[in-house]
Amino acid sequence: MTPAGFLPPALGPQRTFALVAGVERYDISHRWNLRGPARDALRFARWLTGPAEVPPGNVRLLLSPLDEPGDLDWTDSPAMTALRTACRPATEENVKAALLDELPQCDGDLLWIFWAGHGYLGPHQELMLPCTDARPSQIRHLNLDSALRWWRTDLVKARRFPLQAALVDSCRVDAPRDTRWNFGTTDYGGGSSVPGRRQFRLYASREGEVAQNDPERGAGRFTEALLGELGGRSVRESVSGLPGAALSIHRTFQELRERGEGWQLPQFIVDRDWDACSFLDDDLSGPGPAGAARLDQAAWDGLGELFDGRELPRCVYEAYAWAFKAAGCTTPACGGLPGDGLLEVVQDLDERQGGRGGMPLAVPFVRFLADRAAAAGDARWAARLVDWVRATRERLALPVLAPPPPPARRTVVHVRLETPPGGEAGYLARMWLRGERTEHIWESEGKPVRLEEVREELVRRLALVGAPAAGGGAGRQAYAAVDRVEFHVPYELLDADFDQWPVPRGPAGRRRALGLLHQVVVRCPEERADTRAEWHTSWRWLHAQGGRHPDAVRVVADAEVTDALGMDLAARPAPACVLAHTTAAPHAGLLEAVLEGGLPVAVWRRGGGVPAPELLDLLAPAGPDGRPDPGALDVLALPARVRDVRRAAAGAAAGAARAHQPSAGADRLVLLWDDPDDVPGLRSLA
């Protein structure tokens, strides 16, 4: 049973109101008629005015029975006599008058809605309950979902009806897509949602299933079980025990089905208790899982000193995600960090309290930061973080914490090209190899060289991969496998075809494009002097979101490439990536705007022109509607993703050539990838 502490103090029979409807007869056709719903509604009204002691004046009873109303079993009591006098047919007009006009004017704490009759699901899965005056030309009905949304808004006075329960004994089958079934469009609108209102919904059947009715006994199986659970309970007992009653009903039908004694198995699609928590799969009376310890004052004081003046590190989202894994918890579904500062992130972690193992989420978070700080050379801060973790674990008697995973090892060749200051032909060139350490591997030594010479030297350097180190022991190698080649180039070379440079591969002089073998990106850090703050801010924001965010990617069309685009892109940290949906060459304004806006990432088609399919279709995974979802695109994984697209395009181009068809040109993608944390050798080569 749900704890009754959430109940309004004054909740009782006098402050309980209800709409009770049972529809057996329909004007649309005699084939719609069924026996039982009117009797079910009358039995629920009898419980309300009997054991629950709700005054009959608080109940709006709408009945459309097959027989005369007087033939129903009204029971000889003053309350039922009063209801018999006030009872109205279950027409659409009477339903709307009772539910949307009369009851909202009452001053109550609890609203019951009980409906028995036919039920159909509309095109948006809304539950439509036909009224007795449903006709072929217009199936008049109550849109229950729309009505319940209406009851959550300020059109019902804010302090009234904080508790609302809808109990529906009806089918939930799709309405036929036939012109003869004209439900029309029914939406009751509404105002602003009122916080604190709680709704409980209990349906007799699953989507697509028919609710079982016993016409001989004139009773619905679901209502029978429901009234058996309510029994002689009072209003307060029935409300607090409703989630438990729902669970018991579900188990009863499941047992009947397992014994072969019943075919209906209710599935309460809205399987939520009064606190919006799922109850069907859990024991409501059992204790919840033990939470982890909270940080004490000493821990918070220490973090205040450790984080004072610190910007969010590049690894902060990795640390946040790993904290959940280390504590045995599921990472929050919504990506990104919960705040803009380290203390805000820790506060979020502390409020979540960690997993069943007792480890507060903040402790593995700080441990991860310590490991990354040490790897980045900030030994002093790393040591202070480690001391905080050790002291906190000892003081709070926390379990052993496994070490974080090491940072991903990536080997990158940086190729820097610079225009000679004297205007000579060619470019000044330098190459670095960055892996566990950064190593200068080649330089043109102040002499401009042609791009062809740079290509030949790069190919020679890549051929050294795996070569034994001179004088080294067995198994030692000069270089690890090269993951990426990054070209630091002047602005005019951003559209160059570096990814198409031929590289020897395999026997018989075969050559492959560089962009098929390695991740290939272009960079232009020398053009960032005026927008360095925006550049760093956008990159930090992208990492804080874990690379994914609905605003991280912006698709820019030709009409948007104006003189104001760069200022617009610089106004906020998002977007961090632009996808060029433009037909013009990228130098016709787009790249100027990207650099002016401080964006670190951009993708376009070399020479201009929109790829087929479009960039978003090529790069982003599909969302629930089957269309590409920009928010699901991992911008931090774009170098690898673009290489995959290039490889797929190369295969498609080979097939198109054999079939004598034009290529789609998707292999001509260019990726601008300017990581401000990894810019070796900014000193001028001149």
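Quick look at the structure, then. (Residues numbered from 1 in each chain as written. Predicted model: local features only at pLDDT ≥ 70, side-chain atom pairs only at ≥ 80, totals over all residues. Heavy atoms only, no water.)

**Quick look at the overall build of the chain**
Moving on, step 1. A count of helical and extended segments in the chain gives 19 helices and 22 strands.
Moving on, step 2. Counting the 686 residues in the chain, one finds 51% classified as buried.
Moving on, step 3. For the chain, long-range pairs separated by at least 24 residues make up 73% of all intrachain contacts whose partners lie at least 6 apart in sequence.
Moving on, step 4. Of the roughly 31400 Å² of accessible surface on the chain, 49% is carried by carbon and sulfur atoms. (Helix = DSSP H or I, 4+ residues; strand = E, 2+ residues; numbered from the N terminus. Buried < 20%, exposed > 50% of the residue type's maximum accessible area, 1.4 Å probe, protein only. Contact = heavy atoms within 4.5 Å. Areas by Shrake-Rupley, 256 points an atom, 1.4 Å probe, with all protein chains shown as cover.)

**A short note on the nonpolar core**
Moving on, step 1. In this structure, Leu458, Phe487 and Phe498 are the most contacted members of the largest nonpolar core, which totals 45 residues.
Moving on, step 2. The dominant element in this core, judged by the number of residues it contributes, is helix 17 (residues 590-596), at five residues.
Moving on, step 3. Setting aside chain neighbours within four positions, we find Leu458 in contact with Val413, Val415, Met431, Val485, Phe487, Trp501 and Leu514.
Moving on, step 4. Within the second largest apolar cluster, 42 residues are counted, among which are Trp115, Met128, Leu144 and Phe183. (Core = buried A, V, L, I, M, F, W, Y, C linked by side-chain atoms within 4.5 Å.)

**Considering the sheet that holds strand 2 (residues 59-64)**
Moving on, step 1. An order of 2-1-3-7-9 is seen for the five strands of this open sheet, with the pairing classed as parallel. The open sheet has two edge strands, strand 2 and strand 9 (198-203), and neither has a second partner. Neighbour-to-neighbour, the strand axes of the sheet open up by a mean angle of 5°, direction not taken into account.
Moving on, step 2. The strands touched by helix 1 (residues 37-49) within the sheet are strand 1 (16-23), strand 2, strand 3 (110-116) and strand 7 (163-169), with strand 1 carrying the most contacts at an inclination of about 165°.
Moving on, step 3. With respect to the sheet, helix 3 (residues 92-102) is in contact with strand 1, strand 2 and strand 3, its orientation differing from that of strand 2 by roughly 165°. (Pairing = 2+ DSSP bridges. Axes fitted to C-alpha atoms, helices over the stretch in contact; angles between N-to-C directions.)

**Description of the packing of aromatic side chains**
Moving on, step 1. Throughout the structure, instances matching the rule amount to 17 aromatic pairs.
Moving on, step 2. Between the aromatic rings of Phe44 and Phe114, the centroid separation amounts to 4.7 Å while the plane-to-plane angle is 10°, which identifies the pairing as stacked. Within this pair, whereas Phe44 is found in helix 1, its partner Phe114 is found in strand 3, the two being separated by 70 residues in sequence. Neither residue differs from the other here; Phe44 and Phe114 are each classed as buried.
Moving on, step 3. Of the aromatic side chains, those joined through ring pairs into one cluster are Phe17, Trp150, Trp151 and Phe161.
Moving on, step 4. Note that Arg310 overlies the ring of Trp381, its terminal NZ or CZ placed 4.0 Å from the centroid. (Phe/Tyr/Trp six-rings, centres within 6.5 Å; stacked < 30°, edge-to-face > 60°. Lys NZ or Arg CZ within 6 Å of the ring centre and 35° of its normal.)

**With respect to the pattern of salt bridges**
Moving on, step 1. For the coordinates displayed, the defined rule picks out 41 salt bridges.
Moving on, step 2. Linked by salt bridges that have partners in common, Arg484, Glu486, Arg523, Arg528 and Asp674 make up one network. (Salt bridge = Lys/Arg side-chain N within 4 Å of Asp/Glu carboxyl O.)

**Observations concerning helix 4 (residues 144-151)**
Moving on, step 1. When you tally the buried positions in helix 4, you get seven out of eight residues, the bulk of the element.
Moving on, step 2. Those residues of helix 4 lying buried are Leu144, Asp145, Ser146, Ala147, Leu148, Trp150 and Trp151.
Moving on, step 3. Where helix 4 is buried, its residues contact helix 3, strand 3, strand 5 (127-130), strand 6 (141-143), strand 7 and strand 9.
Moving on, step 4. The N-capping residue of helix 4, defined by a side-chain oxygen 3.3 Å from the backbone nitrogen of Asp145, is Asn143. (Polar contact = N/O pair within 3.5 Å; in protein donor to acceptor, adjacent residues only side chain to side chain.)

**Description of the packing of helix 1 against helix 2 (residues 78-86)**
Moving on, step 1. Contact pair helix 1 / helix 2: the axes reach a minimum separation of 10 Å and the direction vectors enclose 130°. For the element pair helix 1 / helix 2, the angle class is oblique. Two packed elements cross with a definite hand, and for helix 1 against helix 2 that hand is right-handed. On helix 2, the residues touching Leu42, Ala45, Arg46 and Thr49 of helix 1 are Ala79, Met80 and Leu83.
Moving on, step 2. Of the residues assigned to the contact of helix 1 with helix 2, the class counts are five nonpolar, one polar and one charged. (Parallel < 35°, antiparallel > 145°, perpendicular 65-115°, else oblique. Left-handed = near helix turned anticlockwise from the far one by under 90°. Nonpolar A, V, L, I, M, F, W, Y, C, P; charged D, E, K, R; others polar.)

**Considering the sheet that holds strand 8 (residues 173-174)**
Moving on, step 1. Strand order in the open sheet made by the four strands is 6-5-4-8, with mixed pairing throughout. Taken across any chain shown, the strands that pair with only one partner, and hence form the sheet edges, are strand 6 and strand 8.
Moving on, step 2. The pairing of strand 4 (residues 120-121) with strand 5 spans two bridges and is antiparallel. Residue pairing in the sheet places Leu121 in a bridge with Leu127 of strand 5.
Moving on, step 3. Each of strand 5 and strand 6 touches helix 4; the most contacted strand, strand 6, lies at about 50° to it.

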